Amino acid sequence: MQVIEGSDARASLTRSFNEIPVPDSVLARIEKMFGEALTPQQVVERILADVRERGDDALRDWTERLDGPRPAALAVSAEEIVAATVTPELHAAIRLAIARVRAFYQQQPAHGFLNHGPDGALGQLVRPLGRVGVYVPGGLAPLISTLIHTAVPAQVAGVPDIVVATPPGKDGRVNPAILVAARELGIADIFKVGGAQAIGALAYGTASIGAVDKIAGPGNLFVVIAKRLVYGQTGIESLPGPTETLVLADDSADARHVAADLLAQAEHLGAEPVLVSVSRELLMKVQAELNGQLEALPEPNRTWARDSVASRMKVVLAADLDEGLELSNLYAPEHLCLLTRDPWSLLGRVQRAGGVFIGEYSMEALGDYVAGPSHVMPTGGTARFASPVNVRDFQNIISVVGVNEATLRRIGPAGAILARAEGLEAHARAIESRLDEDTRIQEPDGSKILREGLT
Ligand SMILES: NC(=O)c1ccc[n+]([C@@H]2O[C@H](COP(=O)([O-])OP(=O)(O)OC[C@H]3O[C@@H](n4cnc5c(N)ncnc54)[C@H](O)[C@@H]3O)[C@@H](O)[C@H]2O)c1
Ligand SMILES: N[C@H](CO)Cc1c[nH]c[nH+]1
Ligand SMILES: [Zn+2]
């Protein structure tokens, strides 16, 4: 384990937005599939262009090439959804997760306002989006929880039409637990298509899958690149990609817990685990724990976690917790886990992160499932400007302007002056067409009007 310190630590945790690391295995697969060394972006561009041009036929071809057998129907049938079953324990866990995520988002203030006052009325209307596409990753693990953590905030926002896209398994089917979760959520439109081809279908629309107003949900680098490329054609909530966790720990932390939390995210292939500690001794203990726990993982999880640890893990020794927090704010992790003696005392200095997990009982894996806030969080440094999935992602705001005549007389002249300063005479005249001559009169330098208008 290479321990980084001082300015090297700053350099190592500084990154450009969404520079998604590309595992070697992914590049090798691309070369094998396409017979040439394309970048993931070039692959995605090809797929999107094909979906746009050939619709469902392209979806079938890419699904056969990348995921499983060629699908006859792209939609999961109503019979399949009704017939899906899971164990009673899993069913109860799905219900608990839905209830807890729903209860959390029902607390999010997401209403508009319309203030009737001396100005007349000014305000914001808040409306749910009409049709939203939820992407549920399913390449390596069928992320049942991601369906819940993306669709529930959309439902709380009031979105009437939610469709789901998720890659089929090798048997050509969608995992039954995803279907049970969808049934519990009352979602009936589920499509067996994943990756960039799913994002293309949701953005452009095909005969089977109507275009949506916004696509939400995380995915691997192909999904993230595709979402970035279709933005504008449709909305996207943000660019949540391969997961990352920064654990900030002091000498009070239990090395077993630190290692467990790092490995929990490392088992998402392509993940970036980061450990920042103020105790060299703890770093050494975590290394031993990490090796032991890694070897004890079953396959294929061990291989995925080993790849993340070997290729992307960063271990940093900070001078003190202030420097640790500074480095964390610089890195802007998706998850920040505080395993220190007094974690609550650090919260006020956390500036950039998707989520903060405080103390030994709030492990990030709990947040992945049943804590309440959505686990769909910004990655790749995008926590500098983006937020976890939430109700606001599924609403739009409409500004309301309803001023009265007295207000127009008071502020209109300043508007006309600004319009003329911009050289936009028709704007000025549109304002003045409702003002009487007296109000329009202004001193040559406009100062009287400005005083009247802006006080
Ligand atoms: N940030 C978050 O909030 C969050 C939440 C959940 C999951 N995730 C991340 O989502 C990701 C899920 O990844 P996944 O791969 O398991 O599932 P995925 O569904 O995102 O991707 C699988 C799809 O990728 C496409 N694909 C795979 N290899 C390809 C290739 N060589 N060329 C073109 N397309 C290819 C295939 O179409 C496949 O359907 C993980 O990285 C995980 O960390 C992030
Ligand atoms: N940790 C992942 C990204 O935040 C989400 C997830 C879903 N299931 C398990 N984990
Ligand atoms: Zn996880």
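Everything quoted here is computed from the prediction, not taken from an experiment.

(A) Structural detail: the overall build of the chain. Looking only at helices and strands, one finds 19 helices and 14 strands in the chain. Dimensions of the chain along its principal axes, counting C-alpha atoms only, are 85 × 60 × 50 Å. Considering only intrachain contacts with a sequence separation of at least 6, the fraction spanning at least 24 residues in the chain is 74%.

(B) Quick peek at the sheet that holds strand 3 (residues 120-128). Read from one edge of the open sheet, 3 strands run 2-3-14, paired in antiparallel fashion. Edge positions in the open sheet fall to strand 2 (113-117) and strand 14 (395-403), since each of these has one partner strand only. The mean angle between the axes of side-by-side strands here comes to 15°, regardless of whether they run parallel or antiparallel. With 9 bridges joining them, strand 3 and strand 14 adopt antiparallel strand pairing. Bridged to Gly-120 within strand 14 is Val-403.

(C) Spotlight on the site of ligand 2. Leu-143, Ser-145, Thr-146, Thr-243, Gln-265, His-268, Asp-368, His-375 and Met-377 make up every residue found near ligand 2. Looking at the shell around ligand 2, its residues break down into 2 nonpolar, 6 polar and 1 charged. Residue contributions to the shell around ligand 2 reach at least three from each of two domains, namely domain 1 (78-238) and domain 2 (242-384).

(D) Seen up close, the pairing of strand 13 (residues 355-358). Every second residue of strand 13 is oriented toward a common face, the buried set being Gly-355 and Phe-357 and the non-buried set Val-356 and Ile-358. Sheet topology places strand 12 (residues 335-339) next to strand 13; 4 bridges connect them, and they run parallel. Across the sheet, residue Leu-336 finds its bridge partner in strand 13, namely Val-356.

(E) Local environment of the domain arrangement of the chain. Segmentation of the chain into domains returns domain 1 (78-238), domain 2 (242-384) and domain 3 (404-454). The centre of domain 1, based on its C-alpha atoms, is set 27 Å off from the matching centre of domain 2. Across the contact, 17 residues belong to domain 1 and 13 residues belong to domain 2. Those elements that provide at least two residues to the side of domain 1 that touches domain 2 are helix 6 (88-105) and helix 7 (144-157). Among the elements that make up the side of domain 1 that touches domain 2, the one with the highest residue count is helix 6 (6 residues). In the side of domain 1 that touches domain 2, the residues fall into 9 nonpolar, 7 polar and 1 charged.

(F) Molecular detail of the sheet that holds strand 8 (residues 235-236). Reading across the sheet, the 5 strands line up as 6-5-4-7-8 and stay open at both edges, with parallel pairing between neighbours. Among the strands making up the open sheet, the edge pair consists of strand 6 (189-192) and strand 8. Summarising the sheet, strand 7 (residues 214-216) and strand 8 pair through 2 bridges and their orientation is parallel. Considered in strand 8, the bridge of Lys-214 is made with Gly-235. Against the sheet, helix 7 engages strand 4 (131-135), strand 5 (161-166) and strand 7, with an angle of about 165° to strand 4.

(G) Seen up close, the packing of helix 11 (residues 255-266) against helix 12 (residues 280-295). For the pair helix 11 and helix 12, the least separation of the axes is 8 Å and the interaxial angle reads 55°. Our classification of the angle between helix 11 and helix 12 gives oblique. Seen along the crossing, helix 11 lies across helix 12 with a hand that is right-handed. Contacts between helix 11 and helix 12 involve Ala-255, Arg-256, Val-258, Ala-259, Ala-260, Leu-262 and Leu-263 from the first element and Leu-282, Lys-285, Val-286, Glu-289, Leu-290, Gln-293 and Leu-294 from the second. Of the residues that constitute the contact of helix 11 with helix 12, the class distribution is 10 nonpolar, 1 polar and 3 charged.

(H) Quick peek at the pairing of strand 6. Two strands pair when backbone bridges link them, and strand 5 and strand 6 are joined in this way by 4 bridges, in the parallel orientation. Along strand 6, the bridge assignment pairs Ala-165 with Phe-191. For the crossover that starts at strand 5, traverses helix 8 (residues 176-185) and ends in the parallel strand 6, the hand is right-handed.

(I) A look at the confidence of the model for the chain. Overall, the prediction assigns the chain a mean pLDDT of 94, with 96% of residues at 70 or greater. Confidence drops under a pLDDT of 50 for residues 450-455, and excluding neighbours within four residues, the segment shows 8 contacts in the predicted structure.

(J) Summary view of helix 6. Taking 1.5 Å of rise per residue, 18 residues should cover 26 Å, and helix 6 covers 26 Å from first to last C-alpha, within 8% of that figure. Looking at the buried positions of helix 6, the neighbouring elements they touch are helix 7, helix 8 and helix 15 (364-369).

Here is what the cut-offs are and how they apply
Residues numbered from 1 in each chain as written. Chains lettered and ligands numbered in written order. Predicted model: local features only at pLDDT ≥ 70, side-chain atom pairs only at ≥ 80, totals over all residues. Helix = DSSP H or I, 4+ residues; strand = E, 2+ residues; numbered from the N terminus. Contact = placed C-beta atoms within 7 Å. Pairing = 2+ DSSP bridges. Axes fitted to C-alpha atoms, helices over the stretch in contact; angles between N-to-C directions. Near = placed C-beta within 6 Å. Nonpolar A, V, L, I, M, F, W, Y, C, P; charged D, E, K, R; others polar. Domains from an automatic or database assignment. Buried ≥ 20, exposed ≤ 12 C-beta atoms within 10 Å, placed from the backbone. Parallel < 35°, antiparallel > 145°, perpendicular 65-115°, else oblique. Left-handed = near helix turned anticlockwise from the far one by under 90°. Right-handed = clockwise from strand over helix to strand, strands pointing away. pLDDT = per-residue confidence, 0-100. Expected span 1.5 Å × (residues − 1).

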